[in-house]
Amino acid sequence: MNPILEKQVLSDVTKLMVVEAPAVAKKAQAGQFVIVRIHDHSERIPLTIADYDRAAGTITLIFQEVGKSTAEMGTLEVGDHFATVVGPLGQPTEIENFGTVVCIGGGVGIAPIFPITRALKEAGNTVISIIGARTRDYLFWEDRMRAFSDELIVCTDDGSYGRKALVTEPLKELLESRPDAIKRVWAIGPTVMMKFVSLTTQPYGVPTIVSLNTIMVDGTGMCGGCRVELTTGPQFVCVDGPEFDGHKVNWDNLLARVQFYRDQEKMAVEHWQHECRLDRMVAQAEAMPVSQVEGSNA
Amino acid sequence: MAKKEIIPRKTPMPEQPPAERIHNFNEVPFGYTPEQAIAEARRCLECKRALCMEGCPVGINIPGFLKLIAEGDFQGAINLIHEANALPAITGRVCPQEEQCEGVCTLCKKFESVAIGRLERFVADWEAAQGPLPVPALPPPTGKKVAVVGSGPAGITVAADLAKMGHAVTVFEALHEPGGVLVYGIPEFRLPKEIVRREVDYVRRLGVKVVTDFVVGRTATIEELLQEFDAVFLGTGAGLPWFLNIPGENLNGVYSANEYLTRVNLMKAYRFPEYDTPVALGRQVITIGGGNVAMDAARTALRMGAEKSIIVYRRSRDEMPARLEEIHHAEEEGVQFHLLTTPIAFHGDETGRVKELECLRNELGEPDASGRRRPVAIPGSNFRIPCDIAVVAIGQSPNPLIPRTTPELNVGRGGAVVVDEQTMKTSVKGVFAGGDVATGGATVILAMGQAKIAARAIDEYLRTGVW
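Residues numbered from 1 in each chain as written. Chains lettered and ligands numbered in written order. Predicted model: local features only at pLDDT ≥ 70, side-chain atom pairs only at ≥ 80, totals over all residues. Heavy atoms only, no water.

## Topic: the sheet that holds strand E16 (residues 431–433) of chain B
Residue and element names in this part refer to chain B. Reading across the sheet, the five strands line up as E3-E2-E1-E4-E16 and stay open at both edges, with parallel pairing between neighbours. Edge strands, defined here as strands with exactly one partner in the open sheet, are strand E3 (209–211) and E16. Adjacent strand axes in the sheet meet at a mean angle of 20°, parallel and antiparallel pairs treated alike. As defined by bridge partners, strand E4 (residues 231–234) adjoins E16 across three bridges and the pair is classed as parallel. Following the sheet pairing, leucine 234 is matched in E16 by alanine 433. (Pairing = 2+ DSSP bridges. Helix = DSSP H or I, 4+ residues; strand = E, 2+ residues; numbered from the N terminus. Axes fitted to C-alpha atoms, helices over the stretch in contact; angles between N-to-C directions.)

## Some points on the packing of aromatic side chains
Residue and element names in this part refer to chain B. In total, this model carries 16 aromatic pairs over all chains according to the counting rule given. On the numbers, 4.1 Å between centres and 20° between planes, the contact of phenylalanine 25 with tyrosine 270 is stacked. Here the residue phenylalanine 25 occupies a position in the loop between helix H1 (18–21) and helix H2 (34–41), and tyrosine 270 occupies one in the loop between helix H12 (257–264) and strand E7 (284–288), the gap between them amounting to 245 residues. By relative accessible area, tyrosine 270 is classed as partly exposed at 26%. (Phe/Tyr/Trp six-rings, centres within 6.5 Å; stacked < 30°, edge-to-face > 60°. Buried < 20%, exposed > 50% of the residue type's maximum accessible area, 1.4 Å probe, protein only.)

## What about the interface of chain A and chain B?
With 46 residues of chain A in contact, the opposing surface of chain B contributes 45 residues. Carbon and sulfur atoms supply 53% of the area buried between chain A and chain B, which totals about 3,700 Å² over both sides. Of all residues in chain A, the largest losses of buried area upon contact with chain B belong to A:His41, A:Met222 and A:Arg227, amounting jointly to 19% of the total for that side. Counting across the chain A and chain B interface gives three salt bridges. Ionic pairing is found between B:Arg404 and A:Asp240, a salt bridge with its closest N-O pair at 3.2 Å. The tally of links from chain A across to chain B stands at 22 residue pairs in polar contact (both at pLDDT 80 or more). Secondary structure elements with two or more residues in the side of chain A that touches chain B: helix H1 (22–27), helix H2 (68–74), strand E7 (84–89), strand E14 (227–230), strand E15 (233–236), helix H7 (237–240), helix H8 (251–258) and helix H9 (262–287) of chain A. Partitioning the side of chain A that touches chain B into residue classes produces 19 nonpolar, 15 polar and twelve charged. (Contact = heavy atoms within 4.5 Å. Buried area = accessible area lost by both parts, 1.4 Å probe. Salt bridge = Lys/Arg side-chain N within 4 Å of Asp/Glu carboxyl O. Polar contact = N/O pair within 3.5 Å; in protein donor to acceptor, adjacent residues only side chain to side chain. Nonpolar A, V, L, I, M, F, W, Y, C, P; charged D, E, K, R; others polar.)

Everything listed is a geometric property; what it means functionally is a separate question.
Below, the structure is given as structure tokens:
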């Protein structure tokens, strides 16, 4: 059982939680992830580690409410517990002094790009960061990203904050304006964003690292549900990744795979909302004076 | 002694009728009644040389416990089994008896063997019905600490044995529920999870600490465990699924058996959406492979509502490695078998979902290294079987996570950790291994047998310090 020590609402659908997990915090490195379960009926949910505090024995998780499990997770409050927090899983990011690098975080991907950005900066790189989201409300951690970036470009799809652009637009300009200067690019965000970042850098031959968020169950190499097709053969995201060379990923296959359970996800949300409504009705009924309840039946 | 009357056939075990059981996950056989058990045990010829005992990988005193059952002394029978086997309720259900004790039973030269497995199961279940197993008096603590990595059959066995020797044992399990393959792999209808929980509970009552959600190799390395513990036992099993490496294997709807079964068994996808983890539902499910895992997957598919469940296997029925009973149960339930058939490609629809498996027909050629006749593909015999789910159940090998993070650990062919078979010692001082991680993938009973050897060797190492 891992208690939640702090909760921040970063946007309507983006929540931050600081969770007690000393064994994970002790070993966590940039680029790694954990698997959490909310309770005994819960899925095993992979989440990238956004930050960790070894001394305090805590890790920071940031997630976007996209389905039943993440929506339910969003209802947890300080003092509630996760049934499981296991990790750190996956390979850490390869950090060294490359020279000038670009770190791109899209939407909730800003969370996992942060510890990588910080580690790259601390390793002596010149770091140019790009963070983007659909709209202003979905942006967060601009200040933290700025603190570890030599240059920070902020953009939104709708222009409600920063520059009105997709993250690939400033990236392309950087690649054009500073030929040969940029040694490596990291991109974390929606699969489709990572695909287009990889397509953008490919003609320039700049190595591009993406962190894949696939469907997985155990996270230890046992199920193979997270397998991704690279030009060099199949790999497991949970043990071989989650970071891969974006130029080698079969993106269309990956985009199909991450959508596989879409219908069941809808069903799970409906079932959960129905249960929540029932719970609320029961709670309301229980709160009512008995006479009134009986009266309503009459 | 008067010559014993021969009863040619096994006492049938009552079970759920096939048409009923394919709609539920309850265990298929109900087990013997005491009367049936006594009648069956009396079939034993009490041979002078007990071949059955020689056929048992852990040397259970089989004639002894059969005789006690025949006399109605069930407590005596289970006590005798416990001397050699810590998990009889489990092995009675999952052992390939026809290749072991029952396969060499004198009766089966002409008739059916004594149903040793069913009787082992009967007394184990009888004992469980009497209430929780009493914990034996434990010796004074030795002050030595042992880490057991993995809570499957090997881990549970070694932990129990070491605790009974007075050592302080901590079991580390990567998943959220202990039991290893017994909970993630073997379905409820073949091995009720209640039995596994009971065994784990017993180990806990012996004073063993069970830590779940702890991935050795990640959360802590073997080197780090050795700083805290005097010895380490690796019982991490064979969790790495094999794939066919044929075109289209990454299409949606193509599962490893590990994933398909883990979703249904451990994550309880059969109760979705009450449980959050989904599994794809298919009208026509193909399972590729001929082992127990393949039978489990094909039968699970029926219970998940498949109209048609098909096994595709490249050799013939005689070469199938699955237990006879599992093949028989699968056939009874209507699983169809495409034998002598080799898959060569998956084909998908425009959304990336699998829709067909392309295969070649085989004929049997010369025997291969395993002594089984090699399947040889007939050129041009290509044909396609429609499917909306395909489960690849062609085997698995040890998970490389610990070897990758323990460079000094010697690993042999197929990723199996190299051990000295007399002691189960690995190449790293203080580290022992047993079960599928050492064999590359075998049976529950072999894992337990190795765990017992390891427990004795660990005890000796802890007492003498001699490696």
